[in-house]
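Residues per chain are reported as follows:
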Amino acid sequence: MESVLSEQSATVDKLVEACIQAFDENGTLKDASLVRMFLMMHPWYIPSTDMAKKLVLKSQEESCTAERRTRICHLVKYWISEFPAEFNLNPELADHIKDFKDLLVTEGNESQSQLIDLDSVPSYKWKRQVTQRVPSVSKKRKMSLLFDHLDSCELAEHLTYLEYKSFCKILFQDYHSFVMHGCTVDNPILERFITLFNSVSQWIQLMVLSKPTAPQRAAVISHFIRVAQVFNNLIELVTSCGNYSQYRKRFSECSGFRFPILGVHLKDLIAVHVALPDWADKEKMQVNLPKTQQLYGILQELAIIQTTPPHIDANTDLLNLLTVSLDQYHTEEEIYQMSLQREPRKPVNSSPGPAPDPKPTMIDEWAVSVKPNADPTIIKKHIEKMVESVFKNFDTDGDGHISRDEFEAIRNNFPYLSKFGELDKNQDGKISREEMIDYFMKASSLLNCKMGFIHTFTEATYVKPTFCEHCAGFIWGFYKQGYKCKACGVNCHKACRSRLAVECRKRTKSISHETPPALQARSFSFPPPANTPTSLQNTVIAEEDIETVEEGVFDVHL
């Protein structure tokens, strides 16, 4: 068994055989490391129902001795005891094991059949039921819930407890589905956990707006500041610097109850999945064991966390009230209108009159196409900024000029560019900043000042892994993780907005940038990796890209 773990690859049959040999006839497990890893991770390579069939076939081989069959039964017993949810939520798998048990009885192997007990498997269906968020029906619904009488620490503890209970519902199949599909579609448990995280922010807004006077609203804000200060010393841990090195260090040092920033671990799962192939050979016969071990290490740590509850004497009534409150769903527009009702932009007693048209910002003017009579100074300012960004990103040798090879890379982002010779006015074989600025100034005039240098960025919330158009790094977080251009749909980190050197090309109506692709209905037996979306299979991420994550935690929308 140790030799299998030390190898770089192994067939599924070899891994199954190593797991069988890990048990003796009395059911003693010599080393659980390989057995537990393979039983948890096998859906990455083979459906659980096929795994069960493989064990049954091995027990029916002519060369299978009574001792070997007993070892197989001990392996099945261990599988059921360590991963009971798999058998409760996958009826087809449970039926295969029941048939195996009945077969043993029919063949007179009563003692072996008694090792397999599916009747003791608890039900997980009630535990994994997802409550539906209640749309706002009445704007008069009170959100205080005795809020004024809650101690800051008590409120913080109960919010933590709610998140922990929601986290405990997440099973391997949820992580597996997220990594394989790249989003939370058809993954209600993980989606509910993320929604709970985000609903805390919305609830705070509603609590503030529930107060009719400004002093009362200020008091609510002060109270929530005190709640946040309960965990004020954790602020430095959520920085993404060094690939969340501060968080990882402290998290590994913690003992007892600890609660993960799930987005960091989800990021790690996807990073490993897209960087390493599932199989070590083209024929897809040899399992890539280093990848399996890395994925298992991440998932096993999350599984252990679920077995260590917080030391909180939870008040059931308060938990129920908080749950109801957090489930109240309001759109951002509804919350905005409520805020206007509380504090109108225009004083109530002011004299009526036509409001002047709001003056658009300089960037907004440029993004929606600068008018033909736009100020040439403003246009030149934008062009100089854009050219500087171009040189910063495409002048790879740093000589202050754009060579022919570097120019070809630029044309991939600015398809309307003319030939190299038209920009290289002095024909010295390279383009200077002044030559490029002069070209764009003339092009701006010829194109009636409608060149899309400046994007109209707005904060965006992503529900699936998204990459920055500038640095190619992950854009992670739960809520408003990055920025999306309203016109062309390009995405980037907050820090990359000013450095993005990609033309703003408006999207056509036939292209959807919001709706994720249709996915096949997932099953708890998990499809083999051959069904993995090609967008994930063909993705390779460099280590420096993995570490280029933006603020937030997958802040996981994920």
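Residues numbered from 1 in each chain as written. Predicted model: local features only at pLDDT ≥ 70, side-chain atom pairs only at ≥ 80, totals over all residues. Heavy atoms only, no water.

> Quick one: what's the story with the overall build of the protein chain, residue by residue and with numbers?
Broken down by element type, the protein chain carries 24 helices and 9 strands. Buried positions account for 46% of the 558 residues belonging to the protein chain. Carbon and sulfur atoms make up 53% of the accessible area of the protein chain, which totals about 29,100 Å². (Helix = DSSP H or I, 4+ residues; strand = E, 2+ residues; numbered from the N terminus. Buried < 20%, exposed > 50% of the residue type's maximum accessible area, 1.4 Å probe, protein only. Areas by Shrake-Rupley, 256 points an atom, 1.4 Å probe, with all protein chains shown as cover.)

> Explain the environment of glutamine 294 to me, using residue names and the numbers behind them.
Inspection of the secondary structure assignment puts glutamine 294 in helix 15 (residues 289-305). Since its relative accessible area comes to 40%, glutamine 294 is described here as partly exposed. C-alpha of glutamine 294 to C-alpha of histidine 273: the two residues are 21 residues apart in sequence and 9.5 Å apart in space. For glutamine 294, the residues in contact, after removing those within four places along its chain, are Val272 and Leu276. (Contact = heavy atoms within 4.5 Å.)

> Report on empty space enclosed by the protein, specifying residues and quantitative values.
In this structure, the largest cavity occupies an estimated 40 Å³ of space. As for the largest cavity, its lining consists of Leu15, Met37, Phe38, Tyr45, Val287, Leu289 and Thr292. Elements with a contribution of two residues or more to the lining of the largest cavity: helix 3 (32-41) and helix 15. Across the lining of the largest cavity, the residue classes tally to 6 nonpolar, 1 polar and no charged. (1 Å grid on protein atoms, 1.4 Å probe; cavity = no way out; pocket = protein on both sides within 12 Å on 5 of 7 lines; lining within 4 Å. Points joined across faces, edges and corners; volume = space filled by probe spheres on them. Nonpolar A, V, L, I, M, F, W, Y, C, P; charged D, E, K, R; others polar.)

> Residues and numbers for the packing of aromatic side chains, please.
In the structure shown here, the tally under the stated rule is 10 aromatic pairs. On the numbers, 5.7 Å between centres and 80° between planes, the contact of tyrosine 164 with phenylalanine 257 is edge-to-face. A residue pair is termed long-range when its members are at least 10 positions apart, and tyrosine 164 in helix 9 (residues 152-168) and phenylalanine 257 in the loop between helix 13 (241-253) and helix 14 (262-275) qualify at 93 residues. A relative accessible area of 4% means that tyrosine 164 is categorised as buried. Given the relative accessible area of 24%, phenylalanine 257 is considered partly exposed. Counting every residue linked through ring pairs, the aromatic cluster contains Phe167, Phe193 and Phe259. (Phe/Tyr/Trp six-rings, centres within 6.5 Å; stacked < 30°, edge-to-face > 60°.)

> Could you give an account of the packing of helix 13 against helix 14, with specific residues and numbers?
Packed helix pairs are characterised by how far apart their axes lie and by the angle those axes make with each other. Closest axis-to-axis distance for the helix 13/helix 14 pair is 11 Å, and the angle between their directions is 110°. In terms of axis orientation, helix 13 runs roughly perpendicular to helix 14. For helix 13 against helix 14, the interelement crossing comes out left-handed. Of the residues in helix 14, those in contact with Asn243, Tyr244, Tyr247, Arg248 and Phe251 of helix 13 are Val264, His265, Lys267 and Asp268. (Axes fitted to C-alpha atoms, helices over the stretch in contact; angles between N-to-C directions. Parallel < 35°, antiparallel > 145°, perpendicular 65-115°, else oblique. Left-handed = near helix turned anticlockwise from the far one by under 90°.)

> Describe unusual backbone geometry, naming the residues involved and giving the relevant values.
A positive phi angle, close to 60°, is found at lysine 284, a residue other than glycine. Note that lysine 284 resides in the loop between helix 14 and strand 3 (286-288). Exposure remark for lysine 284: the relative accessible area of 42% places this residue in the partly exposed category. Of note, glutamine 427 is a non-glycine position whose phi angle comes to about 55°, a positive value. Here glutamine 427 lies in the loop between helix 21 (420-423) and helix 22 (433-446).

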